[in-house]
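# Topology and contacts: notes
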Amino acid sequence: MVRIYADSTNDLSPEYIKEHDIRIIPLYITMGDRTGRDGVDVTADEIFKWAEENKSVPTTAAFSPGDVEEVLQEIKDAGEDAVFIGISRDFSAACQVVSIAVEEIKYADHIAVVDSRNLSSGIGLVIMEAVKLRDQGADIRQIADRLDDIIPKVRASFVIDTLEYLHRGGRCSSVAKVFAGTLNIKPKIVVENGRMRVAHKYRGSLRTVIMKYVKDMEAELIQAKPETVYITHSGVDKDIVDEVRDYLKSLSVFNEIIETRAGGIISCHCGPGTLGVLFIAGD
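The following paragraphs examine the structure supplied in this document. (Residues numbered from 1 in each chain as written. Predicted model: local features only at pLDDT ≥ 70, side-chain atom pairs only at ≥ 80, totals over all residues. Heavy atoms only, no water.)

Before going further, it helps to spend a moment on the overall build of the protein chain. In terms of helices and strands, the protein chain carries twelve helices and 13 strands. A compact globule built from 283 residues would reach a C-alpha radius of gyration of about 19 Å, and the protein chain, at 19 Å, matches this within 12%. For the protein chain, the spread of C-alpha atoms along the principal axes amounts to about 60 × 50 × 30 Å. For the protein chain, the proportion of its 283 residues judged to be buried stands at 52%. Approximately 13,000 Å² of the protein chain is accessible, and the part contributed by carbon and sulfur atoms is 48%. Side chains of the protein chain carry 34 positive and 45 negative charges; the gap between the two charge centres is 6 Å. (Helix = DSSP H or I, 4+ residues; strand = E, 2+ residues; numbered from the N terminus. Rg over C-alpha atoms; globule rule 2.2 N^0.38 Å. Buried < 20%, exposed > 50% of the residue type's maximum accessible area, 1.4 Å probe, protein only. Areas by Shrake-Rupley, 256 points an atom, 1.4 Å probe, with all protein chains shown as cover. Lys, Arg positive; Asp, Glu negative; His and termini not counted. Charge placed at Lys NZ, Arg CZ, Asp CG, Glu CD.)

Take a look at the structure:
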């Protein structure tokens with residue numbers, strides 16, 4: 001059977017990962033003089049607490065070639081095939097590190113490296129498709145080829161409550177931060193072709209903005225692939241999440257609406273109060 005590996009930025013639930021035998025290779029998060037593995041040694045809530053206490057944001061880094069070679073050597077020793085699905089190369093060196101490690105252990109014919117061109121549950125949606133293909137008996141090349149067709153159809157976007165974390169991390173100018181805070185602007189960030197861009201600037205309370213953001217996508221949601229839609233957030237109030245879920249249910253499109261909490265890597269860069277709705281566009 002084909003093994004499926006992924007980095008820790010995919011934001012799938014621990015239950016799904018265990019049920020479908022997905023192996024996770026964690027990225028690293030550094031908070032001051034402490035470095036830990038994402039989702040293993042460091043949690044999102046710890047990140048927010050440390051960030052507020054230190055008025056800074058943690059830094060993040062891909063795993064090392066040594067970390068990956070040790071994992072991939074186990075695959076080779078077992079004579080197994082594997083697919084690794086990772087965060088966009090424009091956000092992290094994770095896929096590049098795995099590709100190099102595959103060449104180092106001379107096992108390239110048996111391990112396919114797939115760049116999801118996405119992040120968070122956008123990667124999770126790609127992994128879910130890979131699981132279906134694996135369970136149908138597809139080999140690694142068939143899986144990789146099919147994922148190449150699916151990846152451009154993944155729709156990943158989210159609304160950010162505060163630009164403070166982007167600002168502290170050097171991803172937002174002081175002028176933009178002050179401007180956004182003064183006018184209570186909350187940007188919609190869209191992932192396209194493996195990169196992020198600001199698609200819209202909303203104004204108002206978080207509840208008002210999130211519901212406007214979701215309803216603005218109604219035409220796309222109605223035409224979406226019906227299997228799964230994700231509500232992924234970094235600690236948004238339960239009442240708001242429930243309202244988003246109720247709205248998605250009212251569309252009568254999706255077989256499954258999954259709520260998941262954003263992991264450490266995404267939380268480092270987006271901060272608390274971030275929420276996204278992620279799905280795959282229909283054919």
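Working definition: two side chains of opposite charge can pair if their charged atoms are close together. Taken as a whole and assessed by the stated rule, the structure comprises 23 salt bridges. The salt bridge involving Glu-129 is made with Lys-225; its shortest N-O contact spans 3.1 Å. With Glu-129 in helix H5 (residues 121-135) and Lys-225 in strand E11 (residues 224-233), this pair connects stretches of sequence that are 96 residues apart. We classify Glu-129 as buried; its relative accessible area is 8%. In this structure Lys-225 comes out as partly exposed when scored by relative accessible area, which is 22%. (Salt bridge = Lys/Arg side-chain N within 4 Å of Asp/Glu carboxyl O.)

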